[in-house]
Structures are given as structure tokens and as C-alpha cells.
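Report on the structure
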Amino acid sequence: MRPNRLRQKLNAGEPTIGTHILSSWPTLVELIGDAENYDYVEFTAEYAPFTMHDLDNLGRAFELKNLAGMIKVEQKQYAHQAMRAIGSGFQSVLFADIRTVADAELCVAAVRAETPGTGGRLGVGMRRDVGTVLEGGSPAYVDSLNEVVIAIMVEKRECVENLEAILSVPGIDMVQFGSSDYSMSLGLTGQRSHPDVVKAERKTIETALKMGKHPRVELADISAAKPYLEMGVKHFCIGWDVRILYNWWRTNGAGMRAMLTGEAAVAHAPQPVKTGTY
């Protein structure tokens, strides 16, 4: 069974860096690995089209470049998508839209083996994570499921209100605040800098640290990292493949068109892209 690089980092108290992809093209994982600065790649499957074969191919790329793989899964698909991703070689699952303690318990159950005391629901499978026929049903398989990193999105009003109880569910490792969804759940759609949203983010980070969990922050770029570092955050997931491409295409397209037309480039400068955690 392959060692879980992200779990090892968390257990050692070391900082981690990840990045997001919405594309299921495994070559992107290889390029990220060649950049030699990332511990894991989050496939943000909640927003992207993919097939079971895509998950297997991403799993192969993670192994080739010694990267941990995280998948972000949507509500109502927790059990199926978590099971198939883990079976393909993903070693961490980020669960979206958590509202209650029962939701958090469902997330843990979707990842752990069905053995006494774990509360898990996963049985034995012939999938990539066990070498298809090599380690299925073995103690090493159960151990590897216990090592899968479980992360949750704190992005709903109910979740923030019940945060301590939710983070008390055994098995929760990482916590990610989602300002976009949270502002919408308050009726403040798009107001990610509203004082109530900022207050909830701080509460999420401080509560996670107090309870021994690992808060993670998503950033479009590293310019906004300083205040989170000062709060004690050590885990960041930076950049989205689609946003990186969009920004490059918009900026350089405007510059090229300005050269061709003779107009001032500043007239075509792109508007700042609204960014936020989701």
C-alpha cells in the first residue's frame, strides 16, 4: 500500500501546500509534480465532469510524481464518489456542504473500513488502491483507509453554528472555510468581505486550532497569505487551473490586441477577477 504523504505531513506537524485542478487531464498532475513544491493536488470534482477512468488515470499520475491526491465531492454523492476515488488512489477527501453532526459522521463512514469501532461503511474491493488483487481485505487495506485524510467544508450557516460539535466527530482532520457559500447562506450573496463572513472565517480557524484540527486556506495567489500565517494557519491550497488560464488569456489577449490596434493597453486591462473560497 502506498504511503499517504499528506497524512505523514499532518502527523509530523509540518505545513502543506496543495493546488486545485478542475481538468481531469493527468498530465497537469505531472506538471505540478515537476514543479517540486506541492504535497498534494485537489481534483475539485464537485465542479468538473469526469469518469471512473479519469479517477484511475489521476491516481496513476499521483503515484508517478509521489503526490497525494485529494478529491472534493458534492453532497448526496459522498459515499459513492469517496469510495471510487479512494479505490483509484486518492488519499484524501474534501466533503462539501456540511451542515450537521450527522453529515460529518456520514463523511467519516464513507472513508473508513467497516470494522468494529471505526463506524466505517467501506468493504473489500478489487480496485487500484489495493493492487486490484494484492491487498484487498488485508490488514494493510484497513490501515490505509484509517490513514485517509478527511477534510470538510465549513460553508453553511448551520455548520458554523454547530462547529464545535461537528469538529468533535472522530476522524475529521482538516477544515476549510468557504466564504462564497457561507455568504450566500446568510443572504449576503457575493459579499465575501462582509463583517459577518469575516467573523465566521476567523471563528472557523480559531476553533479548529483550539480543537487540534488543521485549518486550510484557499488562495488565488500568495499575496493574501500573511494574515492567515499570523493566525497560525500552516496549510494552503493555492490556485485553480481554470482561473490561472483565464487570467493569462485575458491579460495577454488584451495586451496583444492593444499592440495590433495601437490603442493604449491600459484601455483593455482586465478587471480584477473576484476570488473567494468556495
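Position numbers for residues start from 1 in each chain and track the written sequence from start to end. In keeping with the predicted nature of the model, local features appear solely for residues at pLDDT of at least 70, side-chain atom pairs appear and are counted solely at 80 or more, and the whole-chain, interface and lining totals rest on all residues. For the side-chain quantities, the full set of heavy atoms in the structure was used; hydrogens and water were omitted.

An unreviewed UniProt entry lists the chain under the name HpcH/HpaI aldolase/citrate lyase domain-containing protein, with Belnapia mucosa as the source organism.

**With respect to the sheet that holds strand S5 (residues 149-154)**
The pairing criterion is simple: DSSP has to find at least two bridges between the two strands. The helix count covers DSSP runs of H or I at least four residues long, the strand count covers runs of E at least two residues long, and both are numbered beginning at the N terminus. The sheet built from 8 strands closes into a barrel, its strands ordered S1-S2-S3-S4-S5-S6-S7-S8 with parallel pairing. The sheet shows a mean angle of 25° between the axes of neighbouring strands, taken without regard to direction. Working convention: axes come from line fits to C-alpha atoms, limited for helices to the stretch in contact. Angles between N-to-C directions cover 0 to 180 degrees.

**Describing the UniProt feature "domain: HpcH/HpaI aldolase/citrate lyase" (unreviewed entry) in the chain**
UniProt positions are given in the numbering used here, feature names are shortened, and annotations may be inferred rather than shown by experiment. Sequence positions flagged by UniProt for "domain: HpcH/HpaI aldolase/citrate lyase" (unreviewed entry) are, in local numbering, residues 70-213. Between the first and last C-alpha atoms of residues 70-213 the distance is 17 Å; the span itself is 43% helix and 12% strand.

**Examining the pairing of strand S3 (residues 68-73)**
Burial classes follow relative accessibility: with a 1.4 Å probe on protein chains only, a residue under 20% of its type's maximum area counts as buried, one over 50% as exposed, and anything between as partly exposed. Counting buried positions along S3 yields 6 of 6 residues, so the element is predominantly enclosed. A clockwise path from the first strand over the helix to the second, with the strands pointing away from the viewer, defines a right-handed crossover. Running through helix H3 (residues 52-64), the crossover from strand S2 (residues 40-43) to the neighbouring parallel element S3 is right-handed. Relative to strand S4 (residues 92-95), S3 runs parallel, the two sharing 4 bridges. Paired with methionine 70 across the strands is serine 92, a residue of S4. After leaving S3, the chain enters helix H4 (residues 78-88) and then returns to the sheet as S4, a path that is right-handed.

**Quick word on the pattern of salt bridges**
Side chains that differ in sign of charge can pair as their charged atoms come close. We count a salt bridge whenever a side-chain nitrogen from Lys or Arg sits within 4 Å of a carboxyl oxygen from Asp or Glu. Tallied over the entire structure, the rule returns 15 salt bridges. Measuring nitrogen to oxygen at the nearest pair gives 3.9 Å for the salt bridge that ties arginine 157 to glutamate 158. Accessibility expressed as a relative area gives 28% for glutamate 158, which makes it partly exposed. In this structure, arginine 216 and glutamate 218 form a salt bridge, with 3.1 Å as the shortest nitrogen-oxygen distance. Taking the relative accessible area as the measure of exposure, arginine 216 reaches 4% and is therefore buried. When salt bridges with common partners are traced through the structure, they connect Arg5, Lys9, Glu14 and Asp39 into a single cluster.

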